[in-house]
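# Inside the fold
The primary structure of each chain is shown beneath.
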Amino acid sequence: MRVLALTTLAIGLVSAATYPKPKKINVQVGDRPYYLVEDMDAGALKQKLQSCSEKDQRQSDFVIAHRGAPLQYPEHTKESYLAAIRQGAGTIECDVAFTKDKQLVCRHDQCDLHTTTNILAIPSLAAKCTKPFVPANPATGTRASAQCCTSDITLAEFKTLCGKMDGFNPLGTTVAEYMAGTPKFRTDLYSTCGTVLTHAESIKLIDSYGLKFTPELKTPVVQMPYQGTYTQQQYAQQLINEYKKAKIDPSRVFPQSFLIDDIYYWIKAEPKFAKQAVFLDALVDTPAGYVNATARLPQLKKDGFKIVAPAFFALTKLAADNKTIVPSEYAVAATKAGLDIITWSFERSGFLNKGGDYYYQYISKVINNDGDMYTVLDVLAKKVGIRAIFSDWPATVTYYANCMGLMLFN
Ligand SMILES: *[C@@H]1O[C@H](CO)[C@@H](O)[C@H](O)[C@H]1NC(C)=O
Ligand SMILES: *[C@@H]1O[C@H](CO)[C@@H](O)[C@H](O)[C@H]1NC(C)=O
């Protein structure tokens, strides 16, 4: 015991003394940005983006990796984060959820293990799921179901899981059929057992490249206080403590939450981290909420909020000509209130030939080919003035950012 402890201490001292320099990497955006640029409608923006075709690519703070690079890699896995880093994302997201033993791990939802991992294929762990797998019943039309939460299992159990592409087949009559639900615009090519990560491991990985962090405190699905004692505030504090423990400068951390009280908590308890806190504004999602969300922006600013982040559909609209994409009322009001804007999530919509999905809902009339996403990005970057954007495929945004010189901020 004693020898072991001394060895550990010695290793600790060596690594603290040498402070490894962030790895420098050769950023690669691959062929997709070129494909999208060629797909654009003719015009000045297309020409400008074509003119950047042979530029060297560098990391950009304008680019936030949304769950890594889940257009093709299993979300929130080491492989997905590495792909995002290779693609030039300046900030990497770990969505934070807690296990049964209250350890923080990277998962988009506290209860998505049945769609993002192989948990159902491991009988001993599947038995612990909040709602065990029920196969579809074609005779009655009953759909397949399951619900498996990070809080159903311990950290040690979590670490035995394989990350897979997010998806499920509601018509599955077996676990294998249920698990095979990857949308067809994605791929299973890299879904071969993604390495799941703790929040602390994500910090170490991202830090080794000298990049920035944007952990999202996921809204708990279980009742808080969890197990009668673990409060929402303790959970919010634990997230910040993991950066302190890793000696990360607060200016590199952009903690996010959809829960407004989490932001108020950080403003009070952790002001240095709160300076970069990102309030994910979901009130915009209904028309009545949108009006209220726009109206409350000046109050948020007064209360110490710095960055708001609605889904990007809420930042644009069509002008009276029904053709030109322009900043929305919310976008104008946020800027007027002195708030920075970050938005989400690019490259999540699949094919855009039929007006796009949720993310393009206010401008769907002018969306009819995949290249149109760059037209929208250009409005967000130049007219709305967003500070950064989350993307499921960071390379697409990295190419744009390098072409337009949107590189380093703060
Ligand atoms: C919007 O604000 C009004 C006035 O405070 C309130 O009555 C209404 O419930 C709010 N609606 C939404 C969706 O937030
Ligand atoms: C724009 O679309 C709206 C709603 O579809 C329509 O009422 C309006 O006349 C259109 N305006 C123009 C200039 O085409």
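Conventions we followed
- Residues numbered from 1 in each chain as written.
- Chains lettered and ligands numbered in written order.
- Predicted model: local features only at pLDDT ≥ 70, side-chain atom pairs only at ≥ 80, totals over all residues.
- Heavy atoms only, no water.
- Helix = DSSP H or I, 4+ residues; strand = E, 2+ residues; numbered from the N terminus.
- Rg over C-alpha atoms; globule rule 2.2 N^0.38 Å.
- Buried < 20%, exposed > 50% of the residue type's maximum accessible area, 1.4 Å probe, protein only.
- Contact = heavy atoms within 4.5 Å.
- Areas by Shrake-Rupley, 256 points an atom, 1.4 Å probe, with all protein chains shown as cover.
- Lys, Arg positive; Asp, Glu negative; His and termini not counted.
- Charge placed at Lys NZ, Arg CZ, Asp CG, Glu CD.
- Disulfide = S-S within 2.5 Å.
- UniProt positions renumbered as here; feature names shortened; annotations may be inferred.
- Arc of directions from axis to C-beta.

This paragraph deals with the overall build of the chain. Scanning the chain for helices and strands turns up 16 helices and 15 strands. Here the chain has a C-alpha radius of gyration of 22 Å; the compact-globule value for 410 residues is 22 Å, and the two agree. When its C-alpha atoms are laid out on the principal axes, the chain stretches across 70 × 65 × 45 Å. Within the chain, buried positions represent 53% of all 410 residues. In the chain, of all internal contacts separated by at least 6 residues, the share reaching a separation of at least 24 is 72%. With the model as given, the accessible surface of the chain reaches about 18400 Å², and the carbon-plus-sulfur share is 58%. A gap of 5 Å separates the mean positions of the 45 positive and 39 negative side-chain charges of the chain.

Right, let's talk about the state of the cysteines for a bit. Applying the stated criterion across every chain yields a total of five disulfides. The residue that forms a disulfide with Cys 111 is Cys 149, at a sulfur-sulfur distance of 2.0 Å. Here the S-S torsion is close to 100°, and the disulfide linking Cys 111 with Cys 149 is therefore right-handed. Residue Cys 111 is found in the loop between β3 (104-106) and α5 (113-116), and its partner Cys 149 is found in the loop between β5 (145-147) and α7 (155-158); the two are separated by 38 residues along the sequence. By the burial criterion, Cys 111 is buried, and Cys 149 matches it. Between the sulfur atoms of Cys 129 and its disulfide partner Cys 148 the distance amounts to 2.1 Å. Around the S-S axis, the bridge from Cys 129 to Cys 148 shows a dihedral of about 95° and counts as right-handed.

UniProt tags residues 61-384 as "domain: GP-PDE" (unreviewed entry). Within residues 61-384, the helical portion is 31% and the strand portion 17%, while the C-alpha atoms at the span's ends are 17 Å from each other.

What follows deals with helix α14 (residues 329-337). Listed in full, the buried residues belonging to α14 are Tyr 330, Ala 331, Ala 333, Ala 334 and Ala 337. Buried residues along α14 cover an arc of 165° about the axis, so they all sit on one side. Looking at the buried positions of α14, the neighbouring elements they touch are α13 (287-302), β11 (307-309), β13 (325-327), β14 (340-346) and α15 (372-384). Two residues or fewer past α14, Gly 338 is found with a positive phi of approximately 85°.

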